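# Structural overview
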Amino acid sequence: MAVLGDSISTGMNVSAYLKEAKDLTWSTGKNLPASHFSRFQSELGVTKIAAHNVAKAAVTSFDLGRQIDAIDSDQLDYVTMQIGANDLCLSVGKNEDQLNSYGSRIESAIDKLINRYPDVKILLTPVPYMNRLVELYGNNFKCKLVWASAKNFGLSCDSLLGRSANQSSRQKFEDYRKDLNEQLGEVAKRYPDNVSFNPGIGNTSFEKSHISNLDCFHPDKEGQSLIADKTWDKSFAESALFH
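Basis of the calculations
Residues numbered from 1 in each chain as written. Predicted model: local features only at pLDDT ≥ 70, side-chain atom pairs only at ≥ 80, totals over all residues. Heavy atoms only, no water. Helix = DSSP H or I, 4+ residues; strand = E, 2+ residues; numbered from the N terminus. Contact = heavy atoms within 4.5 Å. Pairing = 2+ DSSP bridges. Axes fitted to C-alpha atoms, helices over the stretch in contact; angles between N-to-C directions. Buried < 20%, exposed > 50% of the residue type's maximum accessible area, 1.4 Å probe, protein only. Expected span 1.5 Å × (residues − 1). 1 Å grid on protein atoms, 1.4 Å probe; cavity = no way out; pocket = protein on both sides within 12 Å on 5 of 7 lines; lining within 4 Å. Points joined across faces, edges and corners; volume = space filled by probe spheres on them. Nonpolar A, V, L, I, M, F, W, Y, C, P; charged D, E, K, R; others polar. Disulfide = S-S within 2.5 Å.

## Here's the deal with the environment of F206
Structurally, F206 can be placed in the loop between β5 (195-197) and α11 (221-231). Separated by 192 residues in the primary sequence, F206 and V14 have C-alpha atoms spaced 15 Å apart. Setting aside residues up to four positions removed in sequence, F206 forms contacts with Y129, R132, L133, L136, I211 and L226.

Here it is, written out as structure tokens:
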């Protein structure tokens, strides 16, 4: 199995600031009981799993091709793909034309995967409801300082969390988020034998207990478990074992 994505799927800030914890991620986390990796073992009885986490922090959908090339395996049965948050953060109010071609980049990545691994099962996950961060921490001085400093590490999201962000810019951010998820849904329909997409989980409401207190942005261990719970589809995962 493999995971493609951004800092959410690398476990950024789960346990230490600016550190990754891939063993605690929602998809291939070997030390997260709720992860898909763990559920392949506990629910489907798979004892030997080769897990490839090629996700990278601070990247957009433009990086998917490189990530696929980084998968060092001749066999791949199951892939999770969660990417798009940085597309929004880096493009809303700046390079919005790039958002219109987001679906094309996802489709190119899927084509590349299927060309290499014809029977692979690909789980697409929607871009989460990121405005929830403003609802939870919009008046938190510490979080605002952390959000402002994150740009020094390529992890900022000024269009949503920056000092100049306002109700109008945040609504535009949300409108584009919904559009990206609609694009994901349209792409998924073109690959009924290989791809699964559940748009509903994109509107899952998370709480402060799900967010890292190190940056008020990334999911903590409980948040990673929530993502795993909401994205796990046992029957779809099982289909990856029999082809």
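Additional details are given in the paragraphs that follow.
## So, the sheet that holds strand β4 (residues 121-124)
Strand pairing in a sheet is mediated by backbone hydrogen bonds. Such pairs are either parallel or antiparallel. In space, the 5 strands of this open sheet follow the order β2-β1-β3-β4-β5, with parallel pairing throughout. Each having just a single partner strand, β2 (52-53) and β5 make up the two edges of the open sheet. Bridge count for strand β1 (residues 2-5) against strand β3 (residues 78-82) is 4 bridges, and the pairing is parallel. Note on β3: the bridge partner recorded for L4 is M81. The strands touched by helix α10 (residues 167-189) are β4 and β5; relative to β5, the strand with the most contacts, the crossing angle is about 145°.

## Things to note about unusual backbone geometry
You will see that A58, though not glycine, has its phi angle at about 70°, which is positive. Residue class for A58 comes out partly exposed when judged on its relative accessible area of 27%. In this model, C216 sits at a positive phi of 55°, which is unusual for a non-glycine residue.

## What about helix α6 (residues 102-116)?
Owing to its 3.6 residues per turn, the α-helix aligns residues three or four sequence positions apart on the same side. Taking 1.5 Å as the rise per residue, α6 with 15 residues should run 21 Å; its terminal C-alpha atoms sit 22 Å apart, in good agreement. Residues of α6 that are buried include every one of Y102, G103, R105, I106, A109, I110, L113 and I114, and no others.

## Details of empty space enclosed by the protein
Counted according to the given criterion, the structure contains 3 cavities of 30 Å³ or more. One number sums up the size of the largest cavity: a volume of about 400 Å³. Lining the largest cavity are 26 residues; nearest its centre among them are I8, Q82, P128, F206 and I227. Of all the secondary-structure elements, those providing two or more residues to the lining of the largest cavity are α1 (7-10), α4 (85-91) and α11. Top contributing element to the lining of the largest cavity by residue count: α11, with 5 residues. Across the lining of the largest cavity, the residue classes tally to 14 nonpolar, 10 polar and 2 charged. By volume, the second largest cavity amounts to about 90 Å³. A per-class count over the lining of the second largest cavity returns 9 nonpolar, 3 polar and 1 charged.

## A few points about the state of the cysteines
Per the counting criterion, the structure on display carries 2 disulfides. One disulfide in the model links C89 with C157; its S-S distance is 2.1 Å. On the sign convention where negative means left-handed, the S-S torsion of about -85° between C89 and C157 marks this disulfide as left-handed. You can see C89 sitting in helix α4 and its partner C157 sitting in the loop between α8 (141-149) and α9 (158-161), a full 68 residues away along the chain. Note on cysteine connectivity: C143 is disulfide-linked to C216, with sulfurs 2.1 Å apart. Looking along the S-S bond of the C143-C216 disulfide, the torsion reads about -70°, which is the left-handed sense. One end of the pair, C143, is in helix α8; the other, C216, is in the loop between β5 and α11, and 73 residues separate them in sequence. Of the two residues, C143 and C216, neither departs from the other in class, the shared state being buried. When the bonded cysteines of the chain are counted from the start of the sequence, the pairing works out to 1-3, 2-4.

By themselves, these are just geometric observations and shouldn't be taken as functional.
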